[in-house]
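Listed below are the residues making up each chain.
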Amino acid sequence: METVSQTRSNGGMQGVYRHRSRETGTEMTFSVFVPDHAPGATMPVLWYLSGLTCTHANVTEKGEFRAACAEHGIIFIAPDTSPRGEGVPDAEGYDFGQGAGFYVDATQTPWAANFRMRSYIEDELSALIGAEFAAADMARQGITGHSMGGHGALTIALRNPGRFRSVSAFAPIVSPLNCPWGEKALGGYLGPDKNDWRQYDACSLIEDGARLPDLLVDQGEADNFLHEQLKTGLLVLACRKAGIPATIRMQPGYDHSYYFISSFMAEHIGWHAERLKA
């Protein structure tokens, strides 16, 4: 693991790191904020998965999470959204290819060789964090994300019961089977059989029996992707039918941007802290 940069901020150290990934076959960059702590102390970990077109840098620079993480003693990890670089396949448009990994393990040519973001996040990067950051208590993990990253946070948590003590999301894509972004991405990465898509669809996973202990979601009412792509109401219905305690809040006047995310980030971190420290 190579240290790209380290910068002191808000009573902690904001670092950016790079390593060669066995899963994606590329160099991958991620950021980690570690609050100040006593020697030998450990802290819970909160994963943040970013949305379409984003890298680790978007939330690191605009997410306004550090003060809250320092207050609550939480390590904040922000991976990239896809493999990148020369030789990595790409496509026209922002919603498929590089920058749009959708947190799946692709099975279709030419994507299968590099687009393994599910295994990268669930297995490889998690092991790397545990090995390289002595303060990270990997027995106390939470996960959150935005848009495509909200989809990633929900599906990863639903597929790994008991691994995450807390799960939240900002404007998540709740059912890729039922929106243009998801149909394009899952069809391209996984092929035409929609049964293969269900493991990457939060509402389908819940319908198939997966559960969360509880859930926090914030969604802006002025989000221009709400009705065609995000379809928050489907998640409301799925949680209600399954009996999952879910706080799903529609926020008047807020859009899809980091102005929205940063407005509620500290509240989400506090919510995670209650569950990660219990």
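Remember, it's a predicted structure, so these values are computed and weren't measured experimentally.

On to the overall build of the chain, then. A tally of regular secondary structure across the chain gives nine helices and nine strands. Relative to the 2.2 N^0.38 estimate, which gives 19 Å for 278 residues, the radius of gyration of the chain is 17 Å and therefore close to what a compact globule would have. By principal-axis analysis of the C-alpha atoms, the chain measures approximately 50 × 45 × 35 Å. A burial count over the chain gives 60% of its 278 residues as buried. Contacts in the chain between residues far apart in sequence, at least 24 positions, make up 71% of those at least 6 positions apart. When the accessible area of the chain is evaluated, it comes to approximately 10,900 Å², of which 48% is carbon and sulfur surface.

All right, on to the nonpolar core then. Nonpolar side chains in soluble globular proteins tend to end up buried together. By size, the foremost hydrophobic cluster in this structure holds 84 residues, and its most contacted members are Phe76 and Tyr189. The greatest single-element share of this core, amounting to eight residues, is contributed by helix H9 (residues 258-276).

Along the chain, Thr109 connects to Pro110 via a cis peptide bond; the corresponding omega equals 0°. Turning to its location among the elements, Pro110 is positioned in the loop between strand S5 (75-78) and helix H3 (117-132). Unusually for a residue other than glycine, Asn10 sits at a positive phi of about 50°. With phi around 75°, Thr53 is a residue other than glycine that occupies positive phi space. Here Thr53 lies in the loop between strand S4 (43-49) and helix H1 (56-62).

At Leu125, H3 shows its largest kink, close to 35°. All of the buried residues along H3 are Met117, Arg118, Ser119, Tyr120, Ile121, Glu122, Glu124, Leu125, Ser126, Leu128 and Ile129. Contacts made by the buried residues of H3 are with strand S2 (12-20), strand S3 (27-35), S4, S5, strand S6 (136-145) and helix H4 (148-159).

Time to look at the sheet that holds strand S9 (residues 246-251). Pairing is mixed in the open sheet, where nine strands are placed in the order S1-S2-S3-S5-S4-S6-S7-S8-S9. In this open sheet, the two strands that pair with only one neighbour each are strand S1 (2-9) and S9. This sheet shows a mean twist of 20° between the axes of neighbouring strands, independent of strand direction. Looking at chain direction, S3 and S5 are connected through three bridges and run antiparallel. Within S5, the position partnered with Val32 by the bridge is Ile77. Of the strands in this sheet, strand S8 (215-220) and S9 are in contact with helix H8 (residues 232-242), which crosses S9 at around 155°.

Now for the packing of aromatic side chains. What the rule picks out here adds up to 16 aromatic pairs. Arranged with centres 5.8 Å apart and planes meeting at 85°, the rings of Trp111 and Tyr189 form a pair that is edge-to-face. A residue pair is termed long-range when its members are at least 10 positions apart, and Trp111 in the loop between S5 and H3 and Tyr189 in helix H5 (residues 180-190) qualify at 78 residues. When its relative accessible area of 0% is taken as the criterion, Tyr189 is described as buried. Site record: aromatic cluster; members linked through ring pairs are Phe33, Tyr48, Phe65 and Phe76. Across the ring face of Phe65, the terminal group of Arg66 is positioned such that the distance to the ring centre comes to 4.8 Å.

The next thing to look at is the environment of Ser82. Inspection of the secondary structure puts Ser82 in the loop between S5 and H3. It is 25 Å that separates the C-alpha atoms of Ser82 and His268, two residues lying 186 residues apart in sequence. Excluding residues that lie within four positions of it along the chain, Ser82 makes contacts with Met28, Gly97, Gln98, Gly99, Ala100, Gly101, Phe115 and Met117. A polar contact is formed between the side chain of Ser82 and the backbone nitrogen of Gly99, at a distance of 2.6 Å.

What counts, and where the lines are drawn
Residues numbered from 1 in each chain as written. Predicted model: local features only at pLDDT ≥ 70, side-chain atom pairs only at ≥ 80, totals over all residues. Heavy atoms only, no water. Helix = DSSP H or I, 4+ residues; strand = E, 2+ residues; numbered from the N terminus. Rg over C-alpha atoms; globule rule 2.2 N^0.38 Å. Buried < 20%, exposed > 50% of the residue type's maximum accessible area, 1.4 Å probe, protein only. Contact = heavy atoms within 4.5 Å. Areas by Shrake-Rupley, 256 points an atom, 1.4 Å probe, with all protein chains shown as cover. Core = buried A, V, L, I, M, F, W, Y, C linked by side-chain atoms within 4.5 Å. Bend = angle between axes of the 7 residues up to and from the residue. Pairing = 2+ DSSP bridges. Axes fitted to C-alpha atoms, helices over the stretch in contact; angles between N-to-C directions. Phe/Tyr/Trp six-rings, centres within 6.5 Å; stacked < 30°, edge-to-face > 60°. Lys NZ or Arg CZ within 6 Å of the ring centre and 35° of its normal. Polar contact = N/O pair within 3.5 Å; in protein donor to acceptor, adjacent residues only side chain to side chain.

That's the geometry; what it means functionally is another story.
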